[in-house]
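Examining the three-dimensional arrangement
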Amino acid sequence: MDLHVATKWETAVLAGGPADGLRTQVAGRPAVLQVTYPCRVDAPADGVRVEALYVYRRQLGAHSEPLTYGFDSASP
């Protein structure tokens, strides 16, 4: 990404799943967003962490803010 070009940020809202209602800012209208949550580890190895991964896909047809990303229960 060219840091000398102004980036247009848009508001996006996540619908469904564990991050339902979360609002964020995105640039370039990405097709997919991923949300991670840390998981507890009984005896973590040095530097190792475990995270649950959730995928949200942009709903097509949105021409104004906020963009909507719906939870994809079938992924990853």
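First things first, this report covers the structure right here in the doc. (Residues numbered from 1 in each chain as written. Predicted model: local features only at pLDDT ≥ 70, side-chain atom pairs only at ≥ 80, totals over all residues. Heavy atoms only, no water.)

1. Points about the side chain of Glu10
What counts, and what does not: Counting from the N terminus, the helices are DSSP H or I runs at least four residues long and the strands are E runs at least two residues long. In protein, a polar contact requires one atom able to donate a hydrogen and another able to accept it; more generally it is a pair of N or O atoms within 3.5 Å, and residues adjacent in sequence count only if both atoms are side-chain atoms. We call two residues in contact whenever any of their non-hydrogen atoms come within 4.5 Å of each other.
Among the structural elements, Glu10 can be located in strand β1 (residues 9-15). Side chain to side chain, Glu10 and Arg29 meet in a polar contact 2.9 Å long. Ignoring anything within four residues of it in the chain, the contact list for Glu10 reads Thr24, Gln25, Val26, Arg29, Glu65 and Leu67.

2. Structural notes on the pairing of strand β5 (residues 67-71)
The side chains of a regular strand alternate, residue by residue, between the two faces of the sheet. Heads up, the condition is: Strand pairing is assigned whenever DSSP identifies at least 2 bridges connecting the two strands.
As paired strands, β1 and β5 are joined by four bridges and run parallel to one another. Its bridge partner being in β5, Val13 is matched across the sheet by Thr68. Across three bridges, the pairing between strand β4 (residues 50-58) and β5 is antiparallel. The residue bridging Arg57 from the neighbouring strand is Gly70, located in β5.

3. A look at the pattern of salt bridges
What counts is decided by this rule: Whenever Lys or Arg places a side-chain nitrogen within 4 Å of a carboxyl oxygen from Asp or Glu, that contact is recorded as a salt bridge. Summary of the burial criterion: residues with accessible area below 20% of their type's maximum are buried, those above 50% are exposed, and those between are partly exposed, where the area comes from a 1.4 Å probe applied to protein chains only.
Tallied over the full model, the rule gives four salt bridges. Linking Lys8 and Glu10 is a salt bridge whose minimum nitrogen-to-oxygen distance equals 3.7 Å. Residue classification places Glu10 among the buried residues on the basis of a relative accessible area of 6%. Two residues, Glu10 and Arg29, come together in a salt bridge whose shortest N-O distance is 2.9 Å. Residue Glu10 is located in strand β1, and its partner Arg29 is located in the loop between β2 (23-27) and β3 (32-39); the two are separated by 19 residues in the primary sequence. For Arg29, a relative accessible area of 25% puts it in the partly exposed group.

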